[in-house]
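Structural overview
Spelled out from the first residue to the last, the chains are:
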Amino acid sequence: MCLSLSIHGAEKRLQIHQRRSVASHPESRRLPVVRHSSLPPGRRSIKMEASSSGITNGKTKVFHPEGGVDLQGYQLDMQILPDGPKSDVDFSEILNAIQEMAKDVNILFDELEAVNSPCKDDDSLLHPGNLTSTSDDASRLEAGGETMPERNKSNGLYFRDGKCRIDYILVYRKSNPQTEKREVFERNIRAEGLHMEKESSLINSDIIFVKLHAPWEVLGRYAEQMNVRMPFRRKIYYLPRRYKFMSRIDKQISSFRRWLPKKPMRLDKETLPDLEENDCYTAPFSQQRIHHFIIHNKDTFFNNATRSRIVHHILQRIKYEEGKNKIGLNRLLTNGSYEAAFPLHEGGYRSKNSIRTHGAENHRHLLYECWASWGVWYKYQPLDLVRRYFGEKIGLYFAWLGWYTGMLFPAAFIGLFVFLYGVITLDHCQVSKEVCQATDIIMCPVCDKYCPFMRLSDSCVYAKVTHLFDNGATVFFAVFMAVWATVFLEFWKRRRAVIAYDWDLIDWEEEEEEIRPQFEAKYSKKERMNPISGKPEPYQAFADKCSRLVVSASGIFFMICVVIAAVFGIVIYRVVTVSTFAAFKWALIRNNSQVATTGTAVCINFCIIMLLNVLYEKVALLLTNLEQPRTESEWENSFTLKMFLFQFVNLNSSTFYIAFFLGRFTGHPGAYLRLINRWRLEECHPSGCLIDLCMQMGIIMVLKQTWNNFMELGYPLIQNWWTRRKVRQEHGPERKISFPQWEKDYNLQPMNAYGLFDEYLEMILQFGFTTIFVAAFPLAPLLALLNNIIEIRLDAYKFVTQWRRPLASRAKDIGIWYGILEGIGILSVITNAFVIAITSDFIPRLVYAYKYGPCAGQGEAGQKCMVGYVNASLSVFRISDFENRSEPESDGSEFSGTPLKYCRYRDYRDPPHSLVPYGYTLQFWHVLAARLAFIIVFEHLVFCIKHLISYLIPDLPKDLRDRMRREKYLIQEMMYEAELERLQKERKERKKNGKAHHNEWP
């Protein structure tokens, strides 16, 4: 190999020939590799770095994308020439020769073959894989001699010169009247050192795009102010000493694993080498200690997400008008001066070449192939790549969603086991057998007049379906899910701690937030000193704040009353419709009037839920703005709490009614309780109320998740398709290809105005469905798991392809949502206790088995002990005691040929010929006492288990705690060694220049 170094403008040219052996460098026979213009140089390329300060003897060095360094008009190029005569070369002679040509410049060479791998934040992780010169792009570029700036001009990610990368885009319309504010704002942008370039839209000449670029000096200055943590040394992991016995075991296990298939859920890093992540120690960036940081290339030292975040930070602090509060990009977006502001995606997400053979075109393409593509639905998420592209806040959401989905696997498996247990034991269930064989038991009508008498055996199918969900394993599953919710939250704390450590969030603290413009405008007349910043700021009086909170709480209470009114309307619908369906012409509906009533009521309830959600969003906005929160985070937390409360009550109110009120307060035949003294309250099916609760949960859960998935992906897809269609109609289909990246991103849908609120809210409501009524619907975790597997890829596809690139922001955790999850976990224990004790027949069966059945007093509770349970749970009613408005039209002669005298109903009451007709029996009070005792024992037991688990599981894993302590120790040692090395180098230079001083340290 021949290395040629030349300085343009000078006459000297030096060629370096290095001996290479074919065995040690098999790459020498490969053809030249042509990289995509958006990707940084490859790992094994020869790198040149400027000195740590960036300025030597007052002369500035400017880095060019071609790889050269400008030295006051002299350009240092690096070329690889074909192998020439082989000779050994001393690199010290090379450096001396270069120093003779440019004594004012220090050029540091990395080792030719042992170049340190970049850290995980370095964009040079992307490389083209096994590219060869046979590719079309390579042959085209070689033939045309296209340079890097020329290629950069065409991809829409750089300025017109092809050298300055676009870090941020502002969009406005020329017809907008806020011209003066924009001019002042843009003038101040230039004063901050940002580079600016404007370009009109190809679609609409009224739309202007403002392209912003932050040079190295600006990035370094603001990165130091923002305490951006950057890599300065590769991590060295401490490996404990292994004993020989353990080493042999490891070898045996490794040899055994060779016969097993590789882990299919992990991303293949051999075929996708772009996924390599190298951990580095990080520290807050400092320009004075720039020599401590790993800087392979100043253009890629700050990744694109960090560059955009720094530029956004600058824009938020630039004035656009004279005045104390006339500052920041957000206010200009609010008043319409700018139409949009966003960072650019890194090119297209598709490529005509395979990523396995040609590598990734850019980070967006890489994320699409290994995260958003449906072909990798079963693999783990590349969270480090997500964090690098979208920032820590979005990365934490997907980390939590992936963790929640993974934790659903055991819950779904146990729930499926409970369901299958019911299927297996169905033929051995004594209760369902008695129901199916009870052809001689005639049940009383379930509604007034139109509902006929019916045999108990007609509800055989419903009794069997009820057994699938309400069987001996249900109580165990309810306890398991209560414990599962606690384990999920506790282990998420540990997982979050690991992620926070890996992403340098342990010591990160949020900056002092700016005051909302609305708060400033409202309370600008009254000020007080901020105890943190020491500056005067608007102040809200305590009385004013309390009065606004009272009004807001009253609004919340009113909206909850609206939800209760909607549920009351559904109740009236069920009461009225059951009689209508009972008199229907179609026999299928007439014979299944209760099921038809429940099914239609659930669908109508779902429509009401979706309509009320739109109203709740507007009301929550109104009440939150009425409260006048001081900062954006306070506003976000207040809005989140209101929206969750509204939607939770809206979604679960009808479910609570069916679980705890349906059929509980109906009275008995001859003395029915009525609504407004007119409509008879609805009764449960002869097989129990649990079947109604299962239908409610199943239909709502499936419809809600289907609708959410459509709105999340289908709606943006339709909008983007319509936008592309209008462009094709107006400008022709060929114009789409020539659009620059900023034009393509502008035509995408912006991220939701509330950020990740909708994504979190959907999953939190699903978590509530999965845990609160899981005793009545054990298949809920399985449905949630299937939905989440799809949800992860839908959200990934939406973020990568359908939305503009959101601004990368940092966060330490999931915020207020964690407290909401804990509240749902506590509520789930209470609701499941009531569902088992009140809604299901678990307690009545237990009481019968131990007290009234054939095994009474024997301490047994098997199926043989349930003989006669159905007959014991039904009371007798004399038909002649019916009220006039309740008396059925049929006399029941179709069953036995003669009019019926008695019918049966579900309750524990005395017969009509007793001393107290239709009074409660002793068995009723035994069942009631057992239910209350079960609720108390269940809740205390489960809460004790939850608290014990919370106590036993530490929030921070032990190995992570040790790693953090060791890292702190190593960082101190490294910083000391680096500083000592710098001082020694300065001492040698002073001695060499004759400026040595006595009593120097060290």
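Residues numbered from 1 in each chain as written. Predicted model: local features only at pLDDT ≥ 70, side-chain atom pairs only at ≥ 80, totals over all residues. Heavy atoms only, no water.

So, on to the overall build of the chain. Across its full length, the chain carries 31 helices and 24 strands. With 1002 residues in all, the chain has 49% of them scored as buried. Taking contacts inside the chain between residues at least 6 apart in sequence as the whole, the part at least 24 apart equals 76%. (Helix = DSSP H or I, 4+ residues; strand = E, 2+ residues; numbered from the N terminus. Buried < 20%, exposed > 50% of the residue type's maximum accessible area, 1.4 Å probe, protein only. Contact = heavy atoms within 4.5 Å.)

On to the sheet that holds strand 10 (residues 195-200), then. Spatially, the four strands line up as an open sheet ordered 10-11-9-14, and their pairing is antiparallel. Each edge of the open sheet carries a strand with a single partner, namely strand 10 and strand 14 (340-342). Each strand axis lies, on average, 20° off the axis of its neighbour in the sheet, ignoring direction. Of the pairings in the sheet, the one linking strand 9 (residues 168-173) to strand 11 (residues 207-213) comprises six bridges and is antiparallel in character. The residue bridging I169 from the neighbouring strand is K211, located in strand 11. Here helix 8 (residues 304-315) sits on the sheet and contacts strand 9 and strand 11; the angle it forms with strand 9, its principal contact strand, is near 50°. (Pairing = 2+ DSSP bridges. Axes fitted to C-alpha atoms, helices over the stretch in contact; angles between N-to-C directions.)

On the UniProt side, "transmembrane region" (unreviewed entry) is annotated at positions that read residues 397-424, 473-492, 549-575, 595-616, 644-665, 764-786 and 814-838 here. Regarding residues 473-492, the helix share stands at 95% and the strand share at 0%, and the terminal C-alpha atoms are separated by 28 Å. (UniProt positions renumbered as here; feature names shortened; annotations may be inferred.)

Our focus in this paragraph is the nonpolar core. In this structure, F390, W400, Y404 and W484 are the most contacted members of the largest nonpolar core, which totals 151 residues. In terms of residue count, the dominant contributor to this core is helix 13 (residues 392-424) (15 residues). With residues near it in sequence (within four places) discarded, F390 still touches L367, W371, F799, V800, P806, L807, A808 and S809. Formed by 40 residues, the second largest nonpolar core is a distinct cluster that contains V210, M226, Y281 and L329. (Core = buried A, V, L, I, M, F, W, Y, C linked by side-chain atoms within 4.5 Å.)

Where charged atoms from two side chains of opposite charge come close, those side chains can pair. Using the criterion set out here, one finds 25 salt bridges in the structure. A salt bridge links D544 to R548; its shortest N-O distance comes to 3.1 Å. Of the two residues, D544 and R548 are both situated in helix 18 (residues 542-582); the distance of four residues between them amounts to about one turn of the helix. Connected via shared salt-bridge partners are R160, E197, E199 and K211. (Salt bridge = Lys/Arg side-chain N within 4 Å of Asp/Glu carboxyl O.)

Time to look at the state of the cysteines. All told, the structure shown has three disulfides when counted by the stated rule. One disulfide bridge connects C444 with C903, the sulfur atoms lying 1.8 Å from each other. Its torsion about the S-S bond being 85°, the disulfide of C444 and C903 is classed as right-handed. Of this pair, C444 sits in the loop between strand 15 (442-443) and strand 16 (454-455) while C903 sits in strand 24 (residues 902-906), placing them 459 residues apart in sequence. No difference in accessibility class separates C444 from C903, as the two residues are buried. Covalent S-S linkage joins C855 and C865, the inter-sulfur distance amounting to 2.0 Å. (Disulfide = S-S within 2.5 Å.)

So, about the packing of helix 13 against helix 24 (residues 757-772). Orientation of helix 13 relative to helix 24, taken along the N-to-C sense of each, is 20°, at an axis distance of 11 Å. By the angle between their axes, helix 13 is roughly parallel relative to helix 24. Remark: the crossing between helix 13 and helix 24 carries left-handed chirality. Here helix 13 contributes L396, Y397, W400, L401, Y404 and L408 to the contact with helix 24, which in turn contributes E759, Y760, M763, I764, Q766, F767 and T770. Partitioning the contact of helix 13 with helix 24 into residue classes produces 10 nonpolar, two polar and one charged. (Parallel < 35°, antiparallel > 145°, perpendicular 65-115°, else oblique. Left-handed = near helix turned anticlockwise from the far one by under 90°. Nonpolar A, V, L, I, M, F, W, Y, C, P; charged D, E, K, R; others polar.)

Take the side chain of T405 next. Mapped onto the elements of the fold, T405 is located in helix 13. Taking relative accessible area as the criterion, T405 reaches 5% and is therefore assigned buried. Within polar-contact distance, the side chain of T405 engages the backbone oxygen of L401 at 2.8 Å. Beyond its immediate stretch of four places on either side in the chain, T405 contacts L785, N788, I789 and I792. (Polar contact = N/O pair within 3.5 Å; in protein donor to acceptor, adjacent residues only side chain to side chain.)

Once that is clear, we can look at the confidence of the model for the chain. The pLDDT averaged across the chain works out to 75; a share of 76% of its residues lies at or above 70. Mean pLDDT across the elements of the chain bottoms out in strand 8 (residues 108-109) (30) and peaks in strand 9 (93). Scored below 50 in pLDDT, residues 1-145 shows 254 contacts in the model against residues more than four places distant or in partner chains. Ignoring residues within four places in sequence, the model shows residues 997-1002, a span with pLDDT below 50, making nine contacts including any to other chains. (pLDDT = per-residue confidence, 0-100.)

The next thing to look at is the packing of aromatic side chains. Scanning the entire structure with this criterion turns up 51 aromatic pairs. Both rings, one in F924 and one in W925, keep their centres 5.0 Å apart while their planes meet at 80°; by these two values the pair is edge-to-face. Taking the relative accessible area as the measure of exposure, F924 reaches 19% and is therefore buried. Residue placement shows R805 over the ring face of Y389; its charged tip is 3.8 Å from the ring centre. Over the face of the ring belonging to Y920 we find R909, whose NZ or CZ atom lies 4.2 Å from the ring centre. (Phe/Tyr/Trp six-rings, centres within 6.5 Å; stacked < 30°, edge-to-face > 60°. Lys NZ or Arg CZ within 6 Å of the ring centre and 35° of its normal.)

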